[in-house]
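# Observations on the model geometry
One letter stands for each residue in the lines below.
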Amino acid sequence: MQYAAVTGIGQTQYKARRGDVSIAGLVHEAAQNALDDAGLGWDAIEAVIIGKAPDMFEGVIMPEVYLADALGCSGKPMLRVHTAGSVGGSTALVAASHVQSGTFRRVLTVTFEKQSESNAMWALSNPQPFSPHLNAGAGGYFAPIMREYMRRSGAPWDTGIKVAVKDRLHGSRNPLNHLQMPEITMQEVEESPMLWDPIRFLESCPSSDGACAMVIADEGLAKEGPKAPVWIRGGAMRSEPTMYAGRDEVNPQAGRDCAADVYAQAGIDDPRKQLDCAEVYVPFSWYEPMWLENLGFAEEGEGWKLTMDGATSLDEGGDIPWNCSGGVLCSNPIGASGMIRFAEAARQVRGDAGAHQVVGARTALGHAYGGGAQFYAMWVVSVDK
Amino acid sequence: MKDIAIVSFAQSDCRRDAGACNEVELIMPVIEQAMQAVGLNNSQDVDFTCSGSCDYQQGAAFAFVMGVDALGAVPPIKESHVEMDAAWALYESMLKISMGQAESALIYGFGKSSPGELPTVLSQQLDPYYLAPLWVDSVSLAALQARVLLDRGLLSEQDMAAVVARSRANAKANNPHAQLAGDVSVEELLAESPWVAPLRKHDCCPISDGASAMVICTIEKARAWGKPYAVIRGIDHRMESHNIGARDLTRSVSTELAAAQAGVDRGPVEVAELYAPFSHQEIILSQALGLDDSTEINPSGGVLAGNLMMASGLSRIGEVATRIMSGDVRRGVAHATSGPCLQHNLVAVLEAA
């Protein structure tokens, strides 16, 4: 396998509605920012790998066809990945495989969602032939699973509230975020309306417009860039069916297997000690303690203790800060959300994460999940090759 | 990209309406057939699985998610999906094998177009601000392209009808899965009235339900399995502008680029399977690939005999591979397309081991 590194990172401003740009303008903005970051022009890109969540979120079928011009793809290969909510992560990994296979030297990868064009809740809930109509959206789908986690672990009732506050305080350090809530309090979250018990309004992710892009290059080209290359030390994907007999929906096998795979590639056997920070897909507050266990940062049933002790908080000086960027709870352009996690992990390692930088970070995890918590994509990036 | 072996391929019949069969029921038989051909059981026996499909055919977000139910994905598997024809799922799988993270892969594509009106549905893949609101359907855009070719004298309606007559005859002779097959003369075809002028209905591919599946692996593994295989010697794909007015619709520049990169001209092309949903596009593609009378084009009848949207590109590659594995030919070219008027094209060169 050829070495591959992130050499450019570009993001847009995340907002409820980016009425100032078209869909093409949105993806172009992120891509241009990534090229500027890498000190490159469009001619330097050999192929473009694009990803987003379901086409129904904007109502544009196979939008790579329409976006070819905005991403300078005429005459180039262009691939569209779609693996549900994990797609932002999967797209980065598929882009990396273009370089790691030795087929391309430098590629651009872009993911986006312009949720204001449509209604994600509707898009996820239209009735299907041969199936009972589940008019739930994502929050309704995951609520009983979070409730089951609370029952099993005996976690304090306000663990989710703590996560919601912690990620918003992190997020207030990141000017790109959709939600800016520097004054948020535990009481404010507790008093926000209950949406899908146990998830309150302020414990849920927003619906955002936004795009994220990265340039990934081989070893030779990576060293030519203006910024230090961020080396991809491991990448893994796993899938399992939405339902099967004996499936553990709280602590899914696919997530555990995917983490074990990516850690083995990166030479990690104690993630809490060996990783400096993590950007993890937490769209609903309770998923932080659940993923702390699923990803091996805590024993089963103990994840909430890390959250409540402040181990995952930058503000409390925690030893393993999670979602220093503010995470999905602060900005959620769904198709891009996974790639934002991957890109923010790379920013930490590169030391240019601004006010949400973890001092001295050298190795970080990026994580994304999707579907009924059944699709996973993860990478570990490091300053060391 | 490494040389990769195709060790098996299976496709369903092309049916206008698969009725109450859902996507999983379309997928399972072809996966089973492709796997059993090499003595494999389910996705646990390969290192990677990748599929191609389109949510809008089913009318549901995450149409591919239920597809995982067809795979035997317990314990969890390494799996990915492209919202493209499964020919691009093959491309992703080849990258995965070339980088050394897999030695074998299962690829499948599926589409159930019957619940909707496919040409109208496809109008929603156009620019959402300027074109999609006009509901310009895929047949009308192809008709504009055919009109340009006719007006410039680059082909005649007889040429188009000859493509259709050959497709029907080849499908009758060689393709038990075909939806449209039979003996028709050019004169009979030209006697029909235009549908979306200048296209007659027979110039357009039919709308079909179905699926196809393929197993690929490293050359070493194919030898170890001891089954006949075809080698993918070159593969490349290229995009063109979405601005139809800015393109020369009489050529397929992206196919020319992909053909050069895949190495089509590095040897004789005995057989070619081209994803040409409209008769005139077969002529454009043949020219872009530099093919002449020495190449047998679309011996299966091509997609004019049956078009499994999102699987037809993979099926074209499978059709060539099958002919190489059976020893009928030693070298062939397969093509897949996506987007209006051949906007995005993939070319693969296959050879005998």
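Residues numbered from 1 in each chain as written. Chains lettered and ligands numbered in written order. Predicted model: local features only at pLDDT ≥ 70, side-chain atom pairs only at ≥ 80, totals over all residues. Heavy atoms only, no water.

Moving on: the overall build of chain B. Check the secondary structure of chain B and you find 11 helices and 12 strands. Taken along the three principal axes of its C-alpha coordinates, chain B extends 55 × 45 × 40 Å. Here the analysis covers contacts within chain B between residues at least 6 apart in sequence; of these, 79% occur between residues at least 24 apart. Within the structure as shown, chain B displays about 12,000 Å² of accessible surface, and the carbon and sulfur contribution to it stands at 50%. Charge centroids of chain B, computed over 25 positive and 42 negative side chains, lie 4 Å from each other. (Helix = DSSP H or I, 4+ residues; strand = E, 2+ residues; numbered from the N terminus. Contact = heavy atoms within 4.5 Å. Areas by Shrake-Rupley, 256 points an atom, 1.4 Å probe, with all protein chains shown as cover. Lys, Arg positive; Asp, Glu negative; His and termini not counted. Charge placed at Lys NZ, Arg CZ, Asp CG, Glu CD.)

Here we come to the interface of chain B and chain A. When the parts of a complex come together, some accessible area is lost, and that lost area is often used as the size of the interface. The interface of chain B with chain A comprises 56 residues on the first partner and 56 residues on the second. For the pair chain B and chain A, the two sides together bury roughly 4,800 Å², of which 64% comes from carbon and sulfur. In terms of surface lost to chain A, no three residues of chain B exceed Tyr56(B), Met99(B) and Met239(B), which account for 14% of the buried area on that side. Between the two partners, chain B and chain A, sit 18 residue pairs in polar contact (both at pLDDT 80 or more). Those elements that place two or more of their residues in the side of chain B that touches chain A are helix H2 (55-58), strand E3 (79-82), helix H3 (86-98) and strand E8 (230-239) of chain B. Sort the elements by how many residues they give to the side of chain B that touches chain A and H3(B) lands first, with 5 residues. Taken together, the residues that form the side of chain B that touches chain A break down as 29 nonpolar, 17 polar and 10 charged. (Buried area = accessible area lost by both parts, 1.4 Å probe. Polar contact = N/O pair within 3.5 Å; in protein donor to acceptor, adjacent residues only side chain to side chain. Nonpolar A, V, L, I, M, F, W, Y, C, P; charged D, E, K, R; others polar.)

All names here are of chain A. For strand E4 (residues 106-114), the tally of buried residues reaches 9 of 9 residues, placing the bulk of the element in the interior. As defined by bridge partners, strand E2 (residues 47-51) adjoins E4 across 5 bridges and the pair is classed as parallel. Bridge pairing links isoleucine 50 to valine 110 in E4. (Buried < 20%, exposed > 50% of the residue type's maximum accessible area, 1.4 Å probe, protein only. Pairing = 2+ DSSP bridges.)

Let us now look at the domain arrangement of chain B. All names here are of chain B. Under the domain assignment used here, chain B contains domain 1 (4-117 + 207-230) and domain 2 (133-203 + 232-348). Distance between the C-alpha centres of domain 1 and domain 2: 23 Å. Facing 41 residues of domain 1, the contacting portion of domain 2 comprises 30 residues. Together, the buried faces of domain 1 and domain 2 total about 2,800 Å²; carbon and sulfur atoms form 67% of this surface. Here domain 1 is connected to domain 2 by 0 salt bridges. The interface formed by domain 1 and domain 2 includes 14 residue pairs in polar contact (both at pLDDT 80 or more). Of all the secondary-structure elements, those providing two or more residues to the side of domain 1 that touches domain 2 are strand E1 (4-11), H3, strand E4 (104-112) and strand E7 (209-218). Broken down by class, the residue content of the side of domain 1 that touches domain 2 amounts to 23 nonpolar, 12 polar and 6 charged. (Domains from an automatic or database assignment. Salt bridge = Lys/Arg side-chain N within 4 Å of Asp/Glu carboxyl O.)

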